[in-house]
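One-letter residues, chain by chain:
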Amino acid sequence: EYELPIVVYNETTFSHHITQIAAFAAGNPQTKIVLTHLGIPHRPNTPPQRGDEVLFQLAKHPSIFVQISGMHMYCPPPYEILVPWIQRLAEVFGAERLLYGSNYPVMNKDTLYGEEIDLLRTGKLGIHPVEDMRRTRRSPDLRVSFQHQH
């Protein structure tokens, strides 16, 4: 009725909740679900692990999106160890179901916000913006869609 998305964050892992998230998505296909922080647990300076791929089971639900956010929690910019994971998310979920989230206001340096936008804009995170990253006249939200980079 209200068309509000559900934003899911879990500091340790989504893998223990895949069944519940999938069941909710199947029973509520009109509700958008956004998994934050690349859908993976916080492990500083460590790339995603093989077990993290359990997340890909959720890709069959078109109402589930993954947020490209919290990258600074894993490694410093330019986030090179995360690029293969981001590209894999684009392959499995479809780049159109990836959303950027600034993680504002918790980054330790304000300059990181601009750095991340530049990394996205230039395709250095393994995905390319399809449309200009600009604010629309009707909405203050930043509208960005991506295409997979081969």
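Before reading on, note that the structure itself is shown above.
What you are looking at is a predicted structure, and each value in this text was computed from that prediction instead of being measured.

### Quick notes on empty space enclosed by the protein
Remark: the empty space left among the atoms is shown by a probe the size of a water molecule rolled over them.
Part 1 of the reasoning: The full count for this structure, using the stated rule, is one cavity of 30 Å³ or more.
Part 2 of the reasoning: Approximately 40 Å³ is the volume found for the largest cavity.

### Let's talk about helix α1 (residues 18-27)
Counting along an α-helix, one turn takes 3.6 residues, and residues three or four places apart therefore face a common direction.
Part 1 of the reasoning: The complete set of buried residues in α1 reads Ile 18, Ile 21, Ala 22 and Ala 25. Projected onto a plane normal to the axis of α1, the buried residues spread over an arc of 100° and lie on a single side. Turned more than 90 degrees away from the buried face of α1 sit Thr 19, Ala 23 and Gly 27, all of them exposed.
Part 2 of the reasoning: Looking at the packing, one finds that the buried side of α1 touches β1 (6-8), β2 (33-35) and β3 (64-68).

### What about the pattern of salt bridges?
Part 1 of the reasoning: Here the structure, examined in full by the defined rule, presents two salt bridges.
Part 2 of the reasoning: A salt bridge links Glu 91 to Arg 88; its shortest N-O distance comes to 3.2 Å. Placement of the pair is Glu 91 and Arg 88 together in helix α2 (residues 83-93), with a separation of three residues, close to one helical turn.
Part 3 of the reasoning: Accessibility expressed as a relative area gives 34% for Arg 88, which makes it partly exposed.

Each value, and the rule that gives it
- Residues numbered from 1 in each chain as written.
- Predicted model: local features only at pLDDT ≥ 70, side-chain atom pairs only at ≥ 80, totals over all residues.
- Heavy atoms only, no water.
- 1 Å grid on protein atoms, 1.4 Å probe; cavity = no way out; pocket = protein on both sides within 12 Å on 5 of 7 lines; lining within 4 Å.
- Points joined across faces, edges and corners; volume = space filled by probe spheres on them.
- Buried < 20%, exposed > 50% of the residue type's maximum accessible area, 1.4 Å probe, protein only.
- Helix = DSSP H or I, 4+ residues; strand = E, 2+ residues; numbered from the N terminus.
- Arc of directions from axis to C-beta.
- Contact = heavy atoms within 4.5 Å.
- Salt bridge = Lys/Arg side-chain N within 4 Å of Asp/Glu carboxyl O.

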